[in-house]
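Observations on the three-dimensional arrangement
Chain residues, written in single-letter form:
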Number of protein chains: 4
Amino acid sequence: MVIIMKHNASAQEIAQAMKRVQELGFKAHPIIGEERTIIGVVGDERPIEPDAFDTLDGVERTVRVLRPFKLASREFHPEGSVVRVNGTTIGTQQVVIMAGPCSIESREQLMEAAHAVKEAGASILRAGAFKPRTSPYSFQGMGLKGLELLREVHEQYHLPTITEVIAPQDVALVAQYADVLQVGARNMQNFALLHAVGQIQKPVLLKRGMMSTIEELLMAAEYILSNGNARVMLCERGIRTYETATRNTFDINAIPVLKSLTHLPVVADPSHGTGKWELVTPVARGAVAAGADGLIIEVHPNPAQALSDGAQSLKPEKFAQLVQDVKRVAEAVGRSA
Amino acid sequence: MVIIMKHNASAQEIAQAMKRVQELGFKAHPIIGEERTIIGVVGDERPIEPDAFDTLDGVERTVRVLRPFKLASREFHPEGSVVRVNGTTIGTQQVVIMAGPCSIESREQLMEAAHAVKEAGASILRAGAFKPRTSPYSFQGMGLKGLELLREVHEQYHLPTITEVIAPQDVALVAQYADVLQVGARNMQNFALLHAVGQIQKPVLLKRGMMSTIEELLMAAEYILSNGNARVMLCERGIRTYETATRNTFDINAIPVLKSLTHLPVVADPSHGTGKWELVTPVARGAVAAGADGLIIEVHPNPAQALSDGAQSLKPEKFAQLVQDVKRVAEAVGRSA
Amino acid sequence: MVIIMKHNASAQEIAQAMKRVQELGFKAHPIIGEERTIIGVVGDERPIEPDAFDTLDGVERTVRVLRPFKLASREFHPEGSVVRVNGTTIGTQQVVIMAGPCSIESREQLMEAAHAVKEAGASILRAGAFKPRTSPYSFQGMGLKGLELLREVHEQYHLPTITEVIAPQDVALVAQYADVLQVGARNMQNFALLHAVGQIQKPVLLKRGMMSTIEELLMAAEYILSNGNARVMLCERGIRTYETATRNTFDINAIPVLKSLTHLPVVADPSHGTGKWELVTPVARGAVAAGADGLIIEVHPNPAQALSDGAQSLKPEKFAQLVQDVKRVAEAVGRSA
Amino acid sequence: MVIIMKHNASAQEIAQAMKRVQELGFKAHPIIGEERTIIGVVGDERPIEPDAFDTLDGVERTVRVLRPFKLASREFHPEGSVVRVNGTTIGTQQVVIMAGPCSIESREQLMEAAHAVKEAGASILRAGAFKPRTSPYSFQGMGLKGLELLREVHEQYHLPTITEVIAPQDVALVAQYADVLQVGARNMQNFALLHAVGQIQKPVLLKRGMMSTIEELLMAAEYILSNGNARVMLCERGIRTYETATRNTFDINAIPVLKSLTHLPVVADPSHGTGKWELVTPVARGAVAAGADGLIIEVHPNPAQALSDGAQSLKPEKFAQLVQDVKRVAEAVGRSA
């Protein structure tokens, strides 16, 4: 940490800031410039408050030197992590494709979707039973009945499944029915939920909040990791910006940034990242070209009848084309799909 | 709702879109322009998916006509709502000030803060027992022990209290100890939590998410209202923008916008809205001048020792000055404080 | 400046970074932590590139210590500057109100507007002759003819005038006709224009770009100041965010931030800051309560017929009410209007 | 255009709005819903102000139906445009790579860069002579001397050149020396400059403003096209968001969105889009996989000594690797590079 003193800070203020640094167990190294003095603070700054020194007289601001996450960082775990989901592995040379409907709506719809995505080449089936919806008047998901259908489909098609969990008290239940638990974008900083999924031993797909920085995503992962669950995958799903031509802005930069900062696998969600089915395939290709370890794609047998996210869902035949496109791009960057 | 067809939509595509409109129970009114056809959709559009028509062939986009919230809207409840908290009322001619430390840290700290804010003129004591923290290594709050201290202070100073609840399973407990439950910015779209606070009969202060729209804030309020709890107050606490000179950008526009769209009282939080104690008083004055019904302010007996949010906490004497400033501004706009 | 080395930087990389620091004429102070080494760089960092060290091997990132602006900073000019415009002064105890139509449309319209705003209490008439418009098909302003009308009105009503200049080659011409030159938001980083207005001796109102940080605004002012023109006023006019309920998000935080960072007067534009006439008065009150030195307000005799910005223009009677409201708020914060 | 009336609009207000629609030469089609009335406005809405009806009593808001750009739109020019630059064509099956230093610093530097990028496979040399810089104390470019060097290099290496123009009065001069004129992000809405480049017959690369929408980019192109210059290329170069891990957020969604909305070629700038050289190659691959027609890349013989943008400049050997990577990705999506 570096403390930047104000231009007109007095010698006494500098001395007091150094005293406070030492009280907290750090070493203080002042550097006296012509216009300002700065104080280098040596020690592990992670446990202290980021603004611990900002309130002292004469201090203008402080700058962190160490990253606030540790277990998630590549510095402390230089090799990439591989997450195993039944027979499938994420974080290897192979790009893994997860696909399926936004919501589970009926046995027929789910079976049809599962059949289609498996045929096309997906390795994991996605489908939501508990749905976080902006409006209380929208379809909120089939709940337990949906989970039962998910297990049934799993058994019939031998497809591992991923589904969202939206409340801490549901974690144990959802973990009985699904192979991967998804923490959605709106819950990325639902710390009670992060604790809960940190205490089970099932893979977790943690989606970046639509308003969250890359560092905050890694801190959310740190919550899960520090609770004992090491099977965490991160998901870039688009962020909120001023642009209204698309539902979100897919942050492709985040893919190589995350690959350099963390050892955790990085999955891309171009369905939410764009919000429009016409854009899903080009952005999926882009994400794989930029280094994503996996994709998660919304596919619906009949998007016009979907109870949620129809506009961004691909029809099965478009999805089959996407898989072919992605395979070629994966090979062009030395991977497979 | 208005459906805007593509420039080159065929007559058949237009007919199919109209058919789908009618299937869903609406009336369809086509208007044929030189370059495009649009279809006016008459009926209550709230229960249908916003993108229900976006996936039909030949449709370019759809535009909502009705606002998606109803119980929260001023159209359906033209008079402003007044929320009662013990003897205090929010939403009247008087601007109500809530103040206190970010976190409860000890009996002494809380007592000292309560004494100071009551002396200065605050009507409600704020203090956190369960803290949503970005880092798992930061102080997470005193939990139940903090709630007990809060009740003790309440009894000693006859100050109503507000505290945050961060998990659905804690709602009943927190409601036993505090007079107002706060749903924090990171939980504004934690729908499980919104359901839970919708099912009690205690006032709720709902903070706007740091990257939530005004409409999403009102939809979150709609969740609470539609579950049966009418005692909802909204809080503008700054949004996330590209500007890094402040922690958040306080959206002063939101105050008059909310006052026109909804009957619910609007509280301003200039502490989080700015993130720097030097800015709290001018922005608090601004918020009241723009029409806020209340303020919520972080005050700490010793900000430099605070376990959270020290940089944005006022010392008691600065807070006392803020109250005096705000009183004068409130009077200038025909209110009191 | 502080150079933060990578976690695994070698001793040789640290030595090379220090050597480069010294080559550029600075002193290097290394501080060796347990996880990382940082290098304090002493000297005036303003002339060097911000990323001068970022490309060296082993460097993770660099942090500036000094602010990049100097002439605009309050550190080097602790007293607030007062800008004189004919008999009016901006930057004093009095809040100055500038008002008038977005565009000059005709002699009648301009005369009527000038009469109304003077009657209501405005000190300066605003009106545009050269209009920067998003669409090439929109009204682009009356140009020279408009400037002539502006001078005519000035003479008839003894009202100083402010108008926008949008091209370097027009600066001399506009300076002949108007008392204050406005550099608009879209031109805040039009450096050729900043140079040009820096070389005349007329007051300049520099509007913050809708996408610009406070620091970039001050750097744009620094261009004008460093070219020799000290009569600069800054204007907060709302920034672009994800919120779509308003045209822009008025950044009220920027007012006290600017007052602390710079000696230049700060004017608020709640017309552009909100984009809706219903919101202009409450936000104008808020801006003055937060410390603005002036206001600039769009007023049109008949907004429904305005050739630009009708939706955010006040009718004369609404403007007269705004002035009364603002006077009361100004007095509440120890000023006049 | 659709006019949405307020919930409580009176019959008289509706009649007045319809009258105003007709006065402006449009046809008005009212649709009376249970909660609101809407008025469909038929006719070419482009020449009227977007807020022409917003100020009428009883009107809540208006929604455009037609896109505001015409010459730039794919609707009116379904085939993709091809821009010819000497022997090179942009907008074909081949992905074109432009590369070179941010600023021209010396003959040696420019020659070395030109040699390297040509060897590696670039088709066009980029290099800046007039530099828009945030700070007046930063290197502002070599100006005319730089242009002369650019022409010299052009002749020696037979490489077409692209360089930025920052003021209308420089357009004719720059057009004498360079093959493509670049309008930079900060000048995307410098309408005087857009007019000027619209009146020459040289290709223009128009960069998206860092906080401009896709629609605004197309309106800026419309300025150039409507002035008579049809040789326009668009460039996505990253937008400003709340994320601070990268200099900008490269908006990969914009590539397929632009390809659907406009016939103009789309070039990607991953150097500015990321701001960090380590990220340039993965994002370049992603942009091509998503459909970009070209790339523009900063390459410097010695980034650590660069006078601008060193941190995002590739060394020649890294650039050569990028070209190889991009070729493979281009082939995977059915193109060449």
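This structure is a prediction, so every number in the text was calculated from the model and none was measured. (Residues numbered from 1 in each chain as written. Chains lettered and ligands numbered in written order. Predicted model: local features only at pLDDT ≥ 70, side-chain atom pairs only at ≥ 80, totals over all residues. Heavy atoms only, no water.)

1. Considering the overall build of chain A
Heads up, the condition is: For the purposes of this entry, the term helix denotes a DSSP run of H or I that reaches at least four residues, the term strand denotes a run of E that reaches at least two, and both are numbered from the N terminus. Contacts are assigned to residue pairs that have any heavy atoms within 4.5 Å of one another. Each accessible area is a Shrake-Rupley estimate made with a 1.4 Å probe; only the visible protein chains count as cover when residues are assessed. For the purpose of charge, His is not counted, nor are the chain termini; Lys and Arg are scored as positive and Asp and Glu as negative. Charge positions come from single atoms, namely NZ of Lys, CZ of Arg, CG of Asp or CD of Glu.
Along chain A, the regular secondary structure elements total 10 helices and 14 strands. The C-alpha extent of chain A, read off along each of the three principal axes, is 75 × 45 × 40 Å. Partitioning the contacts of chain A with sequence separation of at least 6, the portion at a separation of at least 24 is 67%. When the accessible surface of chain A is totalled, it reaches about 10,700 Å², and 49% of it is carbon and sulfur. For chain A, the separation between the mean place of its 35 positive charges and that of its 37 negative charges on side chains is 3 Å.

2. Considering the relation of the copies chain C and chain A
Our working definition: Superposition of the copies was done by least squares, using only C-alpha atoms of residues whose pLDDT is at least 70 in both.
After a rotation of 180° and a shift along the axis of 0.0 Å, chain C superposes on chain A with an RMSD of 0.0 Å. On this basis, the relationship between the two copies can be described by a two-fold rotation axis. Among all residues of chain C, the one whose C-alpha sits closest to the rotation axis is Tyr-242 of chain C, at a distance of 2.1 Å. Of the interface residues in chain C, 97% have counterparts in chain A that sit at the interface too, so the contact is made through matching surfaces.

3. Considering the interface of chain B and chain A
Formally: In short, buried area is how much 1.4 Å probe accessible area vanishes from two parts on joining, totalled over both. Only one rule defines a salt bridge in this text: a Lys or Arg side-chain nitrogen within 4 Å of an Asp or Glu carboxyl oxygen.
Contacts between the two partners involve 52 residues from chain B and, on the opposite side, 53 residues from chain A. Both faces considered, chain B and chain A share a buried interface measuring about 4,100 Å² in area, 49% of it formed by carbon and sulfur atoms. On the chain B side of the contact with chain A, Glu-49, Tyr-137 and Met-211 of chain B bury the most area, a combined 16% of that side's loss. Linking chain B with chain A are 4 salt bridges.

4. A closer look at the interface of chain C and chain A
The following threshold applies: Gly is put with the polar residues, along with every residue not named as nonpolar or charged; the nonpolar set is Ala, Val, Leu, Ile, Met, Phe, Trp, Tyr, Cys and Pro, and the charged set is Asp, Glu, Lys and Arg.
The partner chain A presents 29 residues to the 30 residues of chain C that form the contact. Of the roughly 2,400 Å² buried where chain C meets chain A, counting both sides, 62% is carbon and sulfur surface. It is Ile-31, Glu-35 and Val-65 of chain C in chain C that bury the most area against chain A; as a group they hold 23% of the surface buried on that side. Counting across the chain C and chain A interface gives 6 salt bridges. Of all the secondary structure elements, the ones that give two or more residues to the side of chain C that touches chain A are strand 1 (2–5), strand 2 (27–32), strand 3 (37–42) and strand 4 (59–63) of chain C. Per-class residue counts for the side of chain C that touches chain A are 11 nonpolar, 7 polar and 12 charged.

5. Quick look at the sheet that holds strand 13 (residues 266–268) of chain A
The strands making up a sheet associate through hydrogen bonds between their backbones, and the pairing can be parallel or antiparallel. All names here are of chain A. The cut-off we apply is this: DSSP bridges decide pairing: two strands pair if at least two such bridges lie between them. Lines are fitted to the C-alpha atoms to define the axes, a helix being fitted only along its stretch in contact, and any angle between axes, read from their N-to-C directions, falls within 0 to 180 degrees.
Spatial strand order, 7-8-9-10-11-12-13-14: 8 strands in a closed barrel with parallel pairing. Between one strand axis and the next, the sheet turns through 25° on average, direction left out of account. Taken together, the 2 bridges between strand 8 (residues 124–126) and strand 9 (residues 161–164) define a ladder with parallel strand orientation. Residue pairing in the sheet places Leu-125 in a bridge with Thr-161 of strand 9. The strands touched by helix 5 (residues 191–198) are strand 10 (180–183) and strand 11 (204–207); relative to strand 10, the strand with the most contacts, the crossing angle is about 165°.

6. Some remarks on the domain arrangement of chain A
Condition: Reported domain spans reflect what an automatic or database domain assignment gives.
In terms of domains, chain A is made up of domain 1 (2–63) and domain 2 (83–332). Its C-alpha centre places domain 1 of chain A at a distance of 44 Å from the equivalent point of domain 2 of chain A.

7. A look at the packing of helix 9 (residues 277–289) of chain B against helix 10 (residues 316–332) of chain B
Residues and elements named next belong to chain B. Under the convention used in this document: These descriptions rest on fixed angle ranges, namely under 35 degrees for roughly parallel, over 145 for roughly antiparallel, 65 to 115 for roughly perpendicular, and the rest for oblique. Note: crossing handedness is left-handed where the near helix turns anticlockwise from the far helix by less than a right angle, and right-handed where it turns clockwise.
The N-to-C vectors of helix 9 and helix 10 enclose an angle of 20°; their axes lie 9 Å apart at closest approach. Put simply, helix 9 runs roughly parallel to helix 10. As for how helix 9 packs across helix 10, the hand of that crossing is right-handed. Of the residues in helix 10, those in contact with Trp-277, Val-280, Thr-281, Ala-284, Arg-285, Val-288 and Ala-289 of helix 9 are Lys-318, Leu-322, Asp-325, Val-326, Val-329 and Ala-330. Taken together, the residues that form the contact of helix 9 with helix 10 break down as 9 nonpolar, 1 polar and 3 charged.

8. Focus: the relation of the copies chain B and chain A
Rotating chain B by 180° about the axis while translating it 0.0 Å along that axis superimposes it on chain A, leaving an RMSD of 0.1 Å. Comparing interface residues between copies, 100% of those in chain B also lie at the interface in chain A; the contact surface is shared.

9. A short note on the pattern of salt bridges
Definition in use: Any residue under 20% of the maximum accessible area for its type is buried, any over 50% is exposed, and the rest in between are partly exposed; the area is computed with a 1.4 Å probe on protein chains only.
Following the criterion strictly, the structure yields 87 salt bridges over all chains and no others. Its salt-bridge partner being Glu-49 of chain C, residue Arg-133 of chain D comes within 2.5 Å of it at the nearest N-O pair. Highlighted residues: Arg-133 of chain D in the loop between strand 8 (124–126) and helix 3 (144–157) and Glu-49 of chain C in the loop between strand 3 and strand 4, drawn from two different chains. For Arg-133 of chain D, a relative accessible area of 11% translates into the label buried. By relative accessible area, Glu-49 of chain C is classed as buried at 8%.

10. Structural notes on helix 5 (residues 191–198) of chain C
All names here are of chain C. The element helix 5 is extensively covered by neighbouring structure, given that 7 of its 8 residues are classed as buried. Of the residues making up helix 5, those classed as buried are Phe-191, Ala-192, Leu-193, Leu-194, Ala-196, Val-197 and Gly-198. Packed against the buried residues of helix 5 are helix 4 (171–177), strand 10 (180–183), strand 11 (204–207) and helix 6 (214–226).

11. Looking at the pairing of strand 2 (residues 27–32) of chain A
The side chains of a regular strand alternate between the sheet's two faces. As defined by bridge partners, strand 2 of chain A adjoins strand 3 (residues 37–42) of chain A across 6 bridges and the pair is classed as antiparallel. By the bridge assignment for strand 3 of chain A, Ala-28 of chain A is matched with Val-41 of chain A.

12. Things to note about the sheet that holds strand 4 (residues 59–63) of chain D
Residue and element names in this part refer to chain D. Read from one edge of the open sheet, 4 strands run 2-3-1-4, paired in antiparallel fashion. At either margin of the open sheet sits one strand with a lone partner, and together these are strand 2 (27–32) and strand 4. Within this sheet the neighbouring strands show an average axis-to-axis angle of 20°, counted without direction. In terms of strand pairing, strand 1 (residues 2–5) meets strand 3 (residues 37–42) through 3 bridges, oriented antiparallel. For Ile-3, the partnering residue across the bridge sits in strand 3 and is Ile-39.

13. Quick notes on the environment of Ile-3 of chain C
Residue and element names in this part refer to chain C. In this structure, Ile-3 sits in strand 1. Remark: the alpha-carbon pair of Ile-3 and Met-18, spanning 15 residues in sequence, is separated by 9.5 Å. Those residues in contact with Ile-3 that lie beyond four places of it in its chain are Val-21, Thr-37, Ile-38, Ile-39, Val-41, Phe-53, Val-59, Arg-61 and Thr-62.

14. Here we look at the packing of helix 5 of chain A against helix 6 (residues 214–226) of chain A
Residues and elements named next belong to chain A. The contact between helix 5 and helix 6 brings their axes to 7 Å, and the two run at 40°. The angle between helix 5 and helix 6 places the two elements in the oblique class. The two elements helix 5 and helix 6 meet at a crossing, and its hand is right-handed. Between helix 5 and helix 6, the contacting residues are Phe-191, Leu-194, His-195, Val-197 and Gly-198 on the first element and Ala-220, Tyr-223 and Ile-224 on the second. Of the residues contributing to the contact of helix 5 with helix 6, the split by class is 6 nonpolar, 2 polar and no charged.

15. Topic: the environment of His-195 of chain A
For His-195 of chain A, the location among the structural elements is in helix 5. For the pair His-195 of chain A and Asn-229 of chain A, spaced 34 residues apart in the sequence, the C-alpha separation amounts to 9.7 Å. Residues within four places of His-195 of chain A in sequence aside, it is in contact with Tyr-223 and Asn-227 of chain A together with Gln-140 of chain B.

16. Focus on the pairing of strand 10 of chain C
Residues and elements named next belong to chain C. Burial along strand 10 is two-sided: the residues Val-180 and Gln-182 and Leu-181 and Val-183 are all buried. As paired elements, strand 9 (residues 161–164) and strand 10 share 3 bridges and run parallel to each other. When the sheet's bridge partners are listed, Ile-162 is paired in strand 10 with Val-180. Here strand 10 runs beside strand 11; their pairing, made up of 3 bridges, is parallel. Pairing of Leu-181 across the sheet is with Val-204, part of strand 11.

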